[in-house]
Number of protein chains: 2
Amino acid sequence: MSNIYEIAKKVGLSPSTVARALSGRGYCSEESRKKVLEAAKEVNYSPTHAAKTLKSKRTNKILFCIPDIYNPFYFGMIKGANDVLEKYGYYTLLCYTKHNIEEELKMIEALREKYGDGMIFVSFNFCEKNISAVNASKMPVVLTNRYDSPRGEDYFDYVYIDTYKGVQLATRHLVDQGHRKIAFIGGNLEEQTSFERYSGWKDELINSGLDPDDSLVYEGDYTIDSGYACAEKIVKSSNVPTGIVAANDLMAIGFIRYCGDNGIKIPHDFAVAGMDNTDFSSVLKLTSVDMRQEEIGLNAASLLMERVLGGRTYKKTIRIEPRLVVRESSITNK
Amino acid sequence: MSNIYEIAKKVGLSPSTVARALSGRGYCSEESRKKVLEAAKEVNYSPTHAAKTLKSKRTNKILFCIPDIYNPFYFGMIKGANDVLEKYGYYTLLCYTKHNIEEELKMIEALREKYGDGMIFVSFNFCEKNISAVNASKMPVVLTNRYDSPRGEDYFDYVYIDTYKGVQLATRHLVDQGHRKIAFIGGNLEEQTSFERYSGWKDELINSGLDPDDSLVYEGDYTIDSGYACAEKIVKSSNVPTGIVAANDLMAIGFIRYCGDNGIKIPHDFAVAGMDNTDFSSVLKLTSVDMRQEEIGLNAASLLMERVLGGRTYKKTIRIEPRLVVRESSITNK
DNA sequence: TTGAAAGCGCTAACAC
DNA sequence: GTGTTAGCGCTTTCAA
């Protein structure tokens, strides 16, 4: 298309004067500036991102990797981060990684190639593979989960919600409602976050003097459908609980949906608690743990900017407290 | 960090040979190639995106602008597009524009600066402002809505679902169920899509010999909350309908939620139909119009690739037919 | 098969 | 206040 040389020729000035006029940096007379801007408009000029970046080493873009856009949970996080990044003149580009490590690695590679100045990285499965890629990139990265390498040689920050504590809150709440048999619908326990949530359930039952029976643990994949499938298994099992803690709202919704389809009453037959406290949990009157997504995003973006603009190089971490929001789905004795 | 010169020095070859070895294009002996790749690994090399782009004029990235990530509606579209783009080795970067034209213009500007090779552009409000920016960019763009400039000088494609027809399907269905007073919960009628949907309702009532009374039109903003608010207005109005057509599922959900909160029975008191046919509509047994999001995304990506890779320059458009999915919320006489 | 060299379009230090 | 110039890191043509 058009470039500064074309404009320079048009107005009879040198390319550097044109660059100065356009950028606003460096000396340039009012008269020249006016001519340049006019010519730029005429030839429909806009700077080439790649050329700018190659020189300035700045893209003013942040990559935001999320495993799952369909899950309303991430909305708050994105909003929180976006609000901060916008203030610094940064654009947020979302990368949908589909819970897939290959996709994550692709985006880490894009970061490494300096397609963005930094990355906010959400994943359900931080592991040796993606973390070492993050470290190798040597680029500013903030995780939205807890992760510390064994050898403590991490180049990233993290801000995390204490999900372990969150599941404990939900579990304790059901215990307090008088439930003695409380099932847990979680995800793949080999994934870090899933394991944490599972542990919260288990430990809280132990704290309460109850038995965290493994036959009460059901594995879903954080979708409505998997919650639905677990519900069927639970109802038809030989060890039917009275309380249900689901590791996210979608699975809780799936559970409730199965009950609706089969004449089972919530909270009469099952007291149900989910996690994430999305708008949908309020529609369905679902007791849920507020994971304070917006604060996570906000803090993540702030940490990132400290590295990108402030040049901080040491690791910083932030912990955020979850909150329980009680609604009808768990109130048995009313 | 590291570049091809560093590698060249390390292995005692020229930068151009290193470049050939790395890219796989051009001649290079097996031996040299091996040495280069090894050295590259050693110095933790990865190419600089900006430099590559500056030469090659290719980013291998597509920008995907969506007004609202919180709305599950877009999930299918993104998935459909992503599946196609992936096959071509392209990355999809999502840009969340918050229903905000300023954000849209920012992303169009990023495209214009060639931050990506093309753009899929979703908006509820295609207008002179954003369309002329799209045209001015002269970059490959596909809209997911119908839009033709009066003067027919468009540089973009579009693929659209016939929402007008969709609302007609929903409206006709309620008419067929015997309803005579059917309200419409829509969005801001100044937005093109909102107006189309409104027209579908209006025209179908007229086709059915009914009166499209303006007092039966309620304005929301496509959120659950606005559906809830409209429900309250509808219930308390002096002209209470028996059928409700909502311009999307979220507003229908809001409507249903209000009813739930106030002892009003669906479908007994109101027959409700929404649009988008998301997973949530099936949870709530909501009759809804399937907008075939995945096909939209798929077709949009294909059109885009025809321009980006195939060099097509003339305009192409694709129309997709909606489908009505009937569920309990609208079946009055069962 | 390899290397030299000329850019891609912009920035910024430096000289005028 | 303006112009010259030397890159940024890669690609690619052309000559060797």
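All figures in this text were calculated on a predicted structure; none of them were measured in a lab.

## Side note on the side chain of B:S46
Summarising the element assignment, B:S46 is placed in the loop between α3 (30-42) and α4 (49-56). Classification of B:S46 by relative accessible area gives buried; the value is 8%.

## Some details on the sheet that holds strand β8 (residues 243-246) of chain B
All names here are of chain B. Spatial strand order, β7-β6-β8-β9-β10-β12: six strands in an open sheet with mixed pairing. Of all strands in the sheet, those with a lone pairing partner are β7 (217-219) and β12 (323-325), marking the two edges. Across this sheet, the average inter-strand angle for adjacent strands is 20°, counted without regard to direction. As judged from the four bridges shared by strand β9 (residues 271-276) and strand β10 (residues 287-290), these two strands associate in the parallel manner. Bridge assignment links A273 to a residue of β10, and that residue is T287. Along the sheet face, helix α11 (residues 249-261) touches β6 (182-186), β8, β9 and β10 and points at about 150° away from the line of β9.

## Focus: the protein's contact with DNA strand C
Taken together, 25 residues form the shell around DNA strand C, and within it A:Y45, B:T17, B:S29, B:S32 and B:K55 come nearest. The contact atoms of DNA strand C, taken as those within 4 Å of the protein, divide so that sugar and phosphate hold 57%. Between a base nitrogen of DNA strand C and a main-chain N or O atom of A:A51, the distance comes to 3.4 Å. A distance of 3.3 Å separates a base nitrogen of DNA strand C from a polar side-chain atom of B:S16. Looking at the surface near DNA strand C, the elements that each hand over two or more residues are α1 (4-11), α2 (15-23) and α4 (49-56) of chain A together with α2 (15-23) and α4 of chain B. Its residues placed into classes, the surface near DNA strand C shows ten nonpolar, eight polar and seven charged.

## Quick word on the nonpolar core
Across soluble globular proteins, you tend to see nonpolar side chains buried next to one another. Judged by nonpolar contacts, the single largest core of 131 residues is most densely connected at A:F64, A:I120, A:I185, A:F255, B:F64, B:I185 and B:F255. Ranked by residue count, the leading element in this core is helix α5 (residues 73-87) of chain A, at eight residues. Residues in contact with B:I185, not counting those within four places in the same chain, are B:Y218, B:C230, B:I234, B:I244, B:V245, B:A246, B:A247, B:M251 and B:F255. A:L143, B:F126, B:I131 and B:Y160 belong to the second-largest nonpolar core, a separate cluster that totals 46 residues.

## Examining unusual backbone geometry
Across the junction of A:I266 and A:P267, the peptide omega takes the value 5°, indicating a cis bond. Unusually for a residue other than glycine, A:K285 sits at a positive phi of about 55°. Along the chain, A:K285 turns up in the loop between α12 (279-283) and β10 (287-290). In this structure A:K285 comes out as partly exposed when scored by relative accessible area, which is 26%. Not every positive phi belongs to a glycine, and B:K98 is a case in point at roughly 55°. Here B:K98 is to be found in the loop between β2 (91-96) and α6 (101-112). Here B:K98 falls in the partly exposed class, since its relative accessible area comes to 24%.

## Quick word on the pattern of salt bridges
In the structure shown here, the tally under the stated rule is 48 salt bridges over all chains. Note that B:R172 and B:E204 form a salt bridge whose closest N and O atoms lie 2.6 Å from each other. Residue B:R172 is located in helix α8 (residues 163-176), and its partner B:E204 is located in helix α9 (residues 192-207); the two are separated by 32 residues in the primary sequence. B:E204 sits in the buried class, given a relative accessible area of 7%. Within the structure, one salt-bridge network assembled from shared partners comprises A:D157, A:E306, A:R307, A:R312 and A:K316.

## With respect to helix α6 (residues 101-112) of chain A
Residue and element names in this part refer to chain A. The end-to-end C-alpha distance of α6, which contains twelve residues, comes to 16 Å, matching closely the 16 Å that a straight helix rising 1.5 Å per residue would cover. Restricting attention to buried positions, one finds in α6 the residues E103, E104, M107, I108, A110, L111 and R112. The backbone nitrogen of E102 has a side-chain oxygen 2.8 Å away, supplied by the residue at the start of α6, namely N100. Trailing α6 by a residue or two, K114 shows a phi angle of about 65°, which is positive.

## Concerning the protein's contact with DNA strand D
Around DNA strand D there are 25 residues in total, and A:S16, A:T17, A:S32, A:K55 and B:Y45 lie nearest to it. Taken together, the sugar and phosphate atoms account for 55% of what DNA strand D places within 4 Å of the protein. A:R20 has a polar side-chain atom sitting 2.8 Å from a base oxygen of DNA strand D. B:I4 is positioned such that a nitrogen or oxygen atom in its backbone is 2.8 Å from a phosphate oxygen of DNA strand D. Residue assignment for the surface near DNA strand D shows that the elements contributing at least two residues are α2 and α4 of chain A together with α1 (4-11), α2 and α4 of chain B. Classifying every residue of the surface near DNA strand D by side-chain character gives ten nonpolar, eight polar and seven charged.

## Some thoughts on the packing of aromatic side chains
Residues and elements named next belong to chain A. Under the defined criterion, the tally for this structure stands at 25 aromatic pairs over all chains. Both rings, one in F255 and one in F270, keep their centres 5.2 Å apart while their planes meet at 85°; by these two values the pair is edge-to-face. In this pair, F255 is assigned in helix α11 (residues 249-261) and F270 in the loop between α11 and β9 (271-276), connecting sequence segments 15 residues apart. Residue F270 is classed as buried on the basis of its relative accessible area, which comes to 5%.

## Let's talk about the relation of the copies chain A and chain B
Superposing chain A onto chain B takes a rotation of 180° plus a shift of 0.0 Å along the axis, which leaves an RMSD of 0.1 Å. The transformation relating the two chain copies, once decomposed into turn and shift, fits a two-fold axis. Comparing interface residues between copies, 98% of those in chain A also sit at the interface in chain B, which points to an isologous, same-surface contact.

## A few points about the side chain of A:E113
Mapped onto the elements, A:E113 comes out in the loop between α6 and β3 (118-121). Despite being buried, A:E113 has no salt bridge partner; B:K52 is the closest side chain of opposite charge, sitting 4.5 Å away. Other than its neighbours up to four places away in sequence, A:E113 contacts B:S46, B:P47, B:T48 and B:H49.

## Details of the domain arrangement of chain A
What the domain assignment reports for chain A is domain 1 (4-47), domain 2 (58-162 + 293-322) and domain 3 (163-291 + 324-330). Domain 1 of chain A and domain 3 of chain A are separated by 63 Å when their C-alpha centres are compared.

## Section: the sheet that holds strand β12 (residues 323-325) of chain A
Residue and element names in this part refer to chain A. Pairing within the open sheet is mixed, and its six strands lie in the order β7-β6-β8-β9-β10-β12. Strands with a single pairing partner mark the edges of an open sheet, and in this sheet they are β7 (217-219) and β12. Sheet twist, expressed as the average angle between the axes of neighbouring strands with direction ignored, equals 20°. The strands touched by helix α9 (residues 192-207) within the sheet are β6 (182-186), β7 and β9, with β6 carrying the most contacts at an inclination of about 170°. On top of the sheet, helix α10 (residues 224-236) reaches β6, β7 and β8 (243-246); it is set at about 145° to β7, its chief contact.

Thresholds, definitions, all that
- Residues numbered from 1 in each chain as written.
- Chains lettered and ligands numbered in written order.
- Predicted model: local features only at pLDDT ≥ 70, side-chain atom pairs only at ≥ 80, totals over all residues.
- Heavy atoms only, no water.
- Helix = DSSP H or I, 4+ residues; strand = E, 2+ residues; numbered from the N terminus.
- Buried < 20%, exposed > 50% of the residue type's maximum accessible area, 1.4 Å probe, protein only.
- Pairing = 2+ DSSP bridges.
- Axes fitted to C-alpha atoms, helices over the stretch in contact; angles between N-to-C directions.
- Contact = heavy atoms within 4.5 Å.
- Near = heavy atom within 4 Å.
- Polar contact = N/O pair within 3.5 Å; in protein donor to acceptor, adjacent residues only side chain to side chain.
- Nonpolar A, V, L, I, M, F, W, Y, C, P; charged D, E, K, R; others polar.
- Core = buried A, V, L, I, M, F, W, Y, C linked by side-chain atoms within 4.5 Å.
- Salt bridge = Lys/Arg side-chain N within 4 Å of Asp/Glu carboxyl O.
- Expected span 1.5 Å × (residues − 1).
- Phe/Tyr/Trp six-rings, centres within 6.5 Å; stacked < 30°, edge-to-face > 60°.
- Least-squares fit on C-alpha atoms with pLDDT ≥ 70 in both.
- Lys, Arg positive; Asp, Glu negative; His and termini not counted.
- Domains from an automatic or database assignment.

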